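# Architecture at a glance
The lines below spell out each chain.
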Amino acid sequence: MSDVIKAAWRNYLLQLQLHPLRTKAVTAGVLIGCSDVIAQKISGIKKIQLRRLILMMLYGFAYSGPFGHFLHKLMDIIFRGKKDNQTVAKKVVLEQLTSSPWNNMLFMIYYGLVVEGRGWGLVKNKVRKDYPSVQLTAWKFWPIVGWINYQYMPIQFRVVFHSFVASCWAIFLNLKARSVAIKKA
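Keep in mind that what you see is a predicted model, and the values were worked out from it rather than measured. (Residues numbered from 1 in each chain as written. Predicted model: local features only at pLDDT ≥ 70, side-chain atom pairs only at ≥ 80, totals over all residues. Heavy atoms only, no water.)

## A short note on the overall build of the protein
Spelled out, the test is: A helix here means a DSSP run of H or I that spans at least four residues, while a strand means a run of E at least two residues long, and both kinds are numbered starting from the N terminus. Throughout, radius of gyration means the C-alpha value; the globule benchmark is 2.2 Å times the number of residues raised to the power 0.38. Only protein chains enter the accessibility calculation, which uses a 1.4 Å probe. A residue is then buried if its area is under 20% of the maximum for its type, exposed if over 50%, and partly exposed in between.
The secondary structure content of the protein amounts to 7 helices and 0 strands. In the protein, the order of α-helices and β-strands from amino to carboxyl end is α-α-α-α-α-α-α. Here the C-alpha atoms of the protein give a radius of gyration of 18 Å, agreeing with the 16 Å that 2.2 N^0.38 yields for 185 residues. Taking the principal axes of its C-alpha atoms as reference, the protein extends roughly 50 × 45 × 30 Å. Buried residues in the protein amount to 37% of all 185 residues.

As structure tokens, this is what we get:
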């Protein structure tokens, strides 16, 4: 069994080297799909909502993976590939002040409009109400992830690492939302 896993890992690394954008996009889509399946089960959904799952995977494939790919390339261009503590801190601050707010806002809008199929007015009100707390919570957690990512991850693994942590984060947020709903019931 370990030979199969080793061969799959070698093939994955080869694909990451030969086709980095495509591989990161597929990886982000698969990871967000796994996260959504787990989140649906934790939420008590008996039968997997296939439409929701596909739309979440599409978000990872079409947006998260490619955005992360180009963001990390841009960061290495801006900071010339430096990895000293001061440069890593600058990268984390820049990411948290630019892409973090944008990504959280875009995801909330996408989820409301596309995944849930709600109208713009409802989505806008939900974003207006929930976005500040979502972003503040993100600023408590993601800078640590960013530091680890920029300090220790080779550039080809940064999107993969971020996508993996984002999948775990989504499960955590779902559990938190569910526990709040149970307390209110």
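Having seen the model, we can carry on.
## Comments concerning the environment of C168
By the secondary structure assignment, C168 is in helix α7 (residues 155-184). For C168 and L71, which are 97 residues apart along the polypeptide, the C-alpha to C-alpha distance reads 21 Å.

## Quick word on the side chain of N104
Here is the rule we go by: We call two N or O atoms a polar contact when they sit within 3.5 Å, provided that within protein one can donate a hydrogen and the other can accept it, with sequence-adjacent residues counted only if both atoms are side-chain atoms. We call two residues in contact whenever any of their non-hydrogen atoms come within 4.5 Å of each other.
Relative to the helices and strands, N104 resides in helix α5 (residues 99-115). Within the local environment of N104, its side chain forms a polar contact with the side chain of Q135, the two groups lying 2.7 Å apart. Leaving out residues up to four positions away in the same chain, N104 has contacts with Y131, V134, Q135 and A138.

## Describing the packing of aromatic side chains
The line we're drawing: Any two of the Phe, Tyr and Trp rings considered here, Trp counted by its six-membered ring, make a pair once their centres fall within 6.5 Å; the pair's planes then place it as stacked at under 30 degrees, edge-to-face at over 60, or tilted in between.
Enumeration according to the criterion identifies 10 aromatic pairs in this entry. Judged by centre distance (4.9 Å) and plane angle (40°), the ring pair of Y59 and Y110 falls under tilted. Residue Y59 is found in helix α3 (residues 50-78), and its partner Y110 is found in helix α5; the two are separated by 51 residues along the sequence. Looking at Y59, the relative accessible area reads 6%, which means it is buried. Judged by centre distance (4.3 Å) and plane angle (10°), the rings of F141 and W169 are stacked.

## Some remarks on the pattern of salt bridges
This is how it is decided: The term salt bridge refers to a pairing of a side-chain nitrogen on Lys or Arg with a carboxyl oxygen on Asp or Glu at a separation within 4 Å.
According to the stated counting rule, one finds 6 salt bridges in the structure shown. With its nearest N and O atoms 2.7 Å apart, the salt bridge here joins R52 to D36. With R52 in helix α3 and D36 in helix α2 (residues 20-42), this pair connects stretches of sequence that are 16 residues apart. Comparing R52 with D36 shows no difference in burial state: the two are buried. For D76, the salt bridge goes to R158, with nearest N and O atoms at 3.3 Å.

## Details of the nonpolar core
Going by this rule: Only buried residues count toward a nonpolar core. Its members are Ala, Val, Leu, Ile, Met, Phe, Trp, Tyr and Cys residues joined through side-chain atoms within 4.5 Å.
Of all hydrophobic cores here, the largest spans 7 residues; its members are I32, L55, M56, Y59, Y63, Y110 and V115. Contributions of two or more residues to this core are made by α3 and α5. Per-element accounting of this core gives the leading share, 4 residues, to α3. Once you skip the residues sitting within four places of it in the chain, I32 turns out to touch M56, M57, Y59, G60 and S167.

## Section: a nonpolar patch on the surface
Stated precisely, the cut-off is as follows: Like-charged residues within 9 Å of one another, or nonpolar side chains (Val, Leu, Ile, Met, Phe, Trp, Tyr) within 5 Å, are grouped into patches, provided each residue has over 30% relative accessible area and no salt bridge. The method behind every accessible area is Shrake-Rupley, applied with a 1.4 Å probe, and residues are considered shielded solely by the protein chains displayed.
Nonpolar side chains collect at one region of the surface, where V26, V30, L58 and F61 lie side by side and expose about 330 Å² of accessible area between them. Contributions of two or more residues to the nonpolar patch are made by α2 and α3. Tracing the chain through its elements places V30 in helix α2.

## Observations regarding the packing of α3 against α5
So the rule is basically this: Comment: axis = line fitted to C-alpha atoms, over the contacting stretch for helices; angle = value between 0 and 180 degrees taken between N-to-C directions. For classification, angles of less than 35 degrees are called roughly parallel, those exceeding 145 degrees roughly antiparallel, those between 65 and 115 degrees roughly perpendicular, and all remaining angles oblique. Here is the rule for handedness: rotate from the far helix to the near one, and if that takes an anticlockwise turn smaller than a right angle the crossing is left-handed, while a clockwise turn gives right-handed. For this classification, the nonpolar set comprises Ala, Val, Leu, Ile, Met, Phe, Trp, Tyr, Cys and Pro, the charged set comprises Asp, Glu, Lys and Arg, and every other residue, Gly included, is treated as polar.
Direction vectors running N to C along α3 and α5 enclose 160°, while the axes themselves pass 11 Å from each other. If you check the angle between α3 and α5, you find them roughly antiparallel. The interaxial crossing formed by α3 with α5 has right-handed handedness. The residues of α5 that touch α3, namely those facing R51, R52, L55, M56, L58, Y59, Y63, F67 and L71, are S99, W102, N103, L106, F107, Y110, Y111, V114 and V115. Broken down by class, the residue content of the contact of α3 with α5 amounts to 14 nonpolar, 2 polar and 2 charged.

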